[in-house]
Structures are given as C-alpha cells and as structure tokens.
Amino acid sequence: MTQPKYQILIVEDNATDRELITRILMQMDPHYLVTSVGTAQLAYTAIAQKKPDLLILDIYLPHQNGFSFLQKLRDNGYEDLPVLLVSTFLGTDDRLKGFQMGVMDFINKPIVTEELKARVTLQVRLKKTIDDQLWALQKTNEGIKLLYKELEVKNQELKQLNQMKDEFVSNVSHELRTPLTIIRESINQITDGLFGDVNEKQSQYLNKSLINVDRLSNIINDLLDIATLERGKLKLQKERVNIIDLADDVVVNFALPAQKKGLTIKHITSQNPIDIFADKEKLLQVMTNLVGNACKFTERGDVVVEIIDSGNQVEMHVKDSGIGIANEDIPRLFSKFEQIGRQSGAGPKGTGLGLSIAKGIIEAHDGQIIVKSQPGQGSEFIVNLPKGLENNSKEKTE
C-alpha cells in the first residue's frame, strides 16, 4: 500500500523564512508535499484548489493579519483545518485568541529546526490517528450495513419458512380430520354391536382406541387453532353471551371427573346475568382449558371459578389448590409447546398449546390473562374481558 502524500501549505511573507521552513519540511519526509505562498490572497486560491492537511500561518501578513485571514477561513467552511501559527513574538493574548480560533500549536521566530520538526511531526501523527479512526468507523458502518442486509434476507427466509410451516400444519391437520372421524365412527359402530357381539376385553381395547382417537383429534384442533392465531386470521363470531351460564356449563362438565379425583369444584358469582359481546365457542374453549388444567394439576382440595362484574369489564378467576408453578416457569407459561407441568420431573402433560391458544383468544377479544402462583400453594388464572356491549351495533339499535 502506497503511503499518501501529506499536504502542507506555508503562508509566510518573509521569503527567507518561507524557504527555510520549506527546506526543513522537505528534508523531514519525502511524503510531505509542501507548497508556500507570500500573501493571504494567494493562500485563498491555493486552499480553494486543494485543501491542505496542515496550514503553517504567519500572524503578520501584508494587507491582512493572520487572525483575520484565519477567521475568514473558518467562516467559509474550513473549521477543521489544522493550523500552526508562526510569529516573532507570541504574547499570552495572541495565544489565547489563537486557541479560541482552533489553532493547534505555535512556533516562534527565529525558526528552530528541531522545534519545527517536533511540532509538525505531532500534527502529522494526530492527523494519521484521526484518519485511521475515520477509516475504521467507515469500515464498521459498512460492516453494520452488510450485516443488516444479511439479517433482512435471513428474516425474509424465516418468514417464508414459517409461512410454509403454518400452511403445512394447517393442510395436514385438515387432511387428518376426515380419516379420524371415519375411524371413530367405525369404532363406535363396533362397540354398539352393529357388527356382532363384543366381549369385555374387546370392549376395553376399543374404548382405549376411542380415547386415543379423541386425544389425537384434540391435538389436531390445537395445531389448527395455533396456526390460525399466528397468521392473524382468527375470526370471532361475536354475540351477546351470559358469561355466568357459560361458566356454569363448564363447571357442570368437570363435576364428575373432579369428584372421581376427590376434588370439590364450585362456581362463585352473583345470581344476576353478566352479559358480554364475545365469541361464545371461543370463550368456552378458554374456560374449558383453564378449568381442565386446574383439575389436572390438583390432587386434593378444590377448584373455584369466580365471575366478577367490574363495570365495563368482567373478571374470571380460576383458582386451584394444586401443586403451583415455579416463579422461573411463569414467563414461559403461555409460550407454544411448553410442557412445564408446574413442577420438575414427571407429571401430567399435554401438547403445550392450550394456554398459548387461550391467551391468543383472550387478546383477540382485547382482553388480558395473567397468572398468580407459588409452588405448593396452588395457582390462580385471571382473565379480564371488556364487555364490549357499547360496540355492538345491534345493542345500540335495540
């Protein structure tokens, strides 16, 4: 790599001093490209043609002193031009004024060769350091821009892959529904004796098959739901819903399974209806998931469903006395495919999609779901839902 030339302009009206400074600098380094002029006007022309890397300026020039010349340079966009001021006598006021105008250093006359070399060398090193930093910054910026472009390409690829994954899951899930329905119906016909008598052992195996077919159907439904939510294509069929009746239905559905486990399940609410404008089937899905989880992870005690009217909002609390959830697991609770189990080790597990789907449904209703829990002290899921009746055009007209 060829070392660049270092441009130095000398502005000195004394021909002897001008020649002396020029000779010293040219002997210092062959890469110094030295130009010298004797007046301010010639200096303007030289700077306009080629901005130097260093200006060595005599304070006393014919027709214009060095300070006024320097001020004119600063006013015309040369604020960053390094300057060494030269004078026979540099008083404190001159130095202070020079520093205020951005002068880098001063040189006294008569010129001392070693002093001139030292001060110019210092400026050259400073200029090189600045140039290196600017070059490094430029390369860093170029690298960052390149990384951003690569990241953008990767993000687009990930979006396409994610879209392909969603479409694949959706298509496969839809295709599996029909054969599963046929399988289930066939097993039901056999257990009902339509094709002959079924002994007790055969009936046990057929019932196990039905249970697993239903489990597989639930997994497929979860996959379809999560794919719909991720694509932002969840369609809500909103209507006026009495959330009290909805909670009653869920509690009744879980009463027998809870009783078999020795649990008490109860519904606490006012006797008055609490209406909201929502998708009835989707809310039923959320309630069923929350109450089902509460029963699943509670070995003794009770499960309580409470509905509270909070003016423009409705609160639904599902509280259990189960094994609870560790604090470090709570942030991951609503993530896809998380099977926390509310404890370490083996235990009841599902697809890990139920709570993620429930959260998506609640947020689609402009609501919020939160959890409070401690290991060994049970859990409480709280759903806040806007009633939304003021946005129902039918309600307004009626």
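Everything below is about the structure printed above this text.
Residues numbered from 1 in each chain as written. Predicted model: local features only at pLDDT ≥ 70, side-chain atom pairs only at ≥ 80, totals over all residues. Heavy atoms only, no water.

Student: It is not clear to me how the overall build of the protein should be interpreted in this structure. Could you clarify?
Tutor: In terms of helices and strands, the protein carries ten helices and twelve strands. Against the 2.2 N^0.38 benchmark of 21 Å for 398 residues, the protein shows a C-alpha radius of gyration of 42 Å, more extended than a compact globule. Counting over 398 residues, the protein shows a buried share of 38%. Across the protein, contacts joining residues at least 24 apart in sequence account for 68% of those joining residues at least 6 apart. Just so you have it, the protein exposes about 23,800 Å², and 52% of that area is on carbon and sulfur atoms. In the protein, the 48 positive side-chain charges and the 54 negative ones have mean positions that sit 4 Å from each other. (Helix = DSSP H or I, 4+ residues; strand = E, 2+ residues; numbered from the N terminus. Rg over C-alpha atoms; globule rule 2.2 N^0.38 Å. Buried < 20%, exposed > 50% of the residue type's maximum accessible area, 1.4 Å probe, protein only. Contact = heavy atoms within 4.5 Å. Areas by Shrake-Rupley, 256 points an atom, 1.4 Å probe, with all protein chains shown as cover. Lys, Arg positive; Asp, Glu negative; His and termini not counted. Charge placed at Lys NZ, Arg CZ, Asp CG, Glu CD.)

Student: Which parts of the structure should I look at to understand the sheet that holds strand 3 (residues 54-58)?
Tutor: Within a sheet, each strand pairs with its neighbour through backbone hydrogen bonds, oriented either parallel or antiparallel. The strand order across the open sheet formed by five strands is 2-1-3-4-5, and the pairing between neighbours is parallel. Two strands close off the open sheet at either side, each with one partner strand: strand 2 (32-37) and strand 5 (105-108). Each strand of the sheet is rotated relative to its neighbour by a mean of 20°, with strand direction disregarded. One ladder, built from six bridges, connects strand 1 (residues 6-11) with strand 2; its direction is parallel. Following the sheet pairing, Ile8 is matched in strand 2 by Val34. Docked against the sheet, helix 3 (residues 66-75) engages strand 3 and strand 4 (83-87), running at close to 150° with respect to strand 3. (Pairing = 2+ DSSP bridges. Axes fitted to C-alpha atoms, helices over the stretch in contact; angles between N-to-C directions.)

Student: So what exactly am I meant to see when it comes to the packing of aromatic side chains here?
Tutor: Any pair of aromatic rings gets described here by the distance separating the centres and the angle formed by the planes. For the coordinates displayed, the defined rule picks out four aromatic pairs. Aromatic side chains Tyr6 and Tyr32 sit 5.8 Å apart centroid to centroid with 50° between the ring planes, which places their arrangement in the tilted category. Taken together, the positions of Tyr6 in strand 1 and Tyr32 in strand 2 put the pair 26 residues apart, joining distant regions of the chain. Across the pair, exposure class does not vary: Tyr6 and Tyr32 are buried alike. Taking the centre distance of 6.4 Å and the plane angle of 85° together, the rings of Phe334 and Phe381 count as edge-to-face. One end of the pair, Phe334, is in the loop between strand 10 (313-320) and helix 9 (354-364); the other, Phe381, is in strand 12 (residues 379-386), and 47 residues separate them in sequence. In this structure, Phe334 and Phe381 share a single accessibility class: buried. Positioned above the aromatic ring of Tyr44, the side-chain terminus of Lys72 is 4.2 Å from the ring centre. (Phe/Tyr/Trp six-rings, centres within 6.5 Å; stacked < 30°, edge-to-face > 60°. Lys NZ or Arg CZ within 6 Å of the ring centre and 35° of its normal.)

Student: Whenever I open this one, the pairing of strand 11 (residues 368-373) confuses me. Can you help?
Tutor: If a strand is regular, its side chains alternate between the two faces of the sheet. The two faces of strand 11 differ: Ile369, Val371 and Ser373 on one face are buried, but Gln368, Ile370 and Lys372 on the other face are not. Direction of pairing for strand 11 relative to strand 12: antiparallel, over a ladder of six bridges. For Ile370, the partnering residue across the bridge sits in strand 12 and is Ile382. The antiparallel hairpin formed by strand 11 and strand 12 contains five residues in its connecting segment, where Gly376 sits at a positive phi of about 80°.

Student: So what exactly am I meant to see when it comes to unusual backbone geometry here?
Tutor: Negative phi characterises most residues that are not glycine, and trans characterises most peptide bonds. Geometrically, the link from Lys109 to Pro110 is a cis peptide bond, its omega value of 0° lying close to zero. Residue placement: Pro110 occurs in the loop between strand 5 and helix 5 (113-191). One non-glycine residue with positive phi stands out, namely Asp366, at about 65°. In this fold, Asp366 is placed in the loop between helix 9 and strand 11.

Student: Please explain the pattern of salt bridges as it appears in this structure.
Tutor: Opposite charge on two side chains makes pairing possible when the charged atoms of those side chains draw close. All told, the structure shown has 16 salt bridges when counted by the stated rule. Here Asp80 and Lys51 are joined by a salt bridge, their closest N and O atoms 2.7 Å apart. Of this pair, Asp80 sits in the loop between helix 3 and strand 4 while Lys51 sits in the loop between helix 2 (40-49) and strand 3, and the two are 29 residues apart along the sequence. Looking at Lys51, the relative accessible area reads 36%, which means it is partly exposed. The residue Glu157 makes a salt bridge to Lys154 at a minimum N-O spacing of 3.9 Å. Highlighted residues: Glu157 and Lys154, both in helix 5, separated by three residues, approximately one helical turn. Taken together, the shared-partner salt bridges connect Glu12, Asp17, Asp58 and Lys109 into one network. (Salt bridge = Lys/Arg side-chain N within 4 Å of Asp/Glu carboxyl O.)

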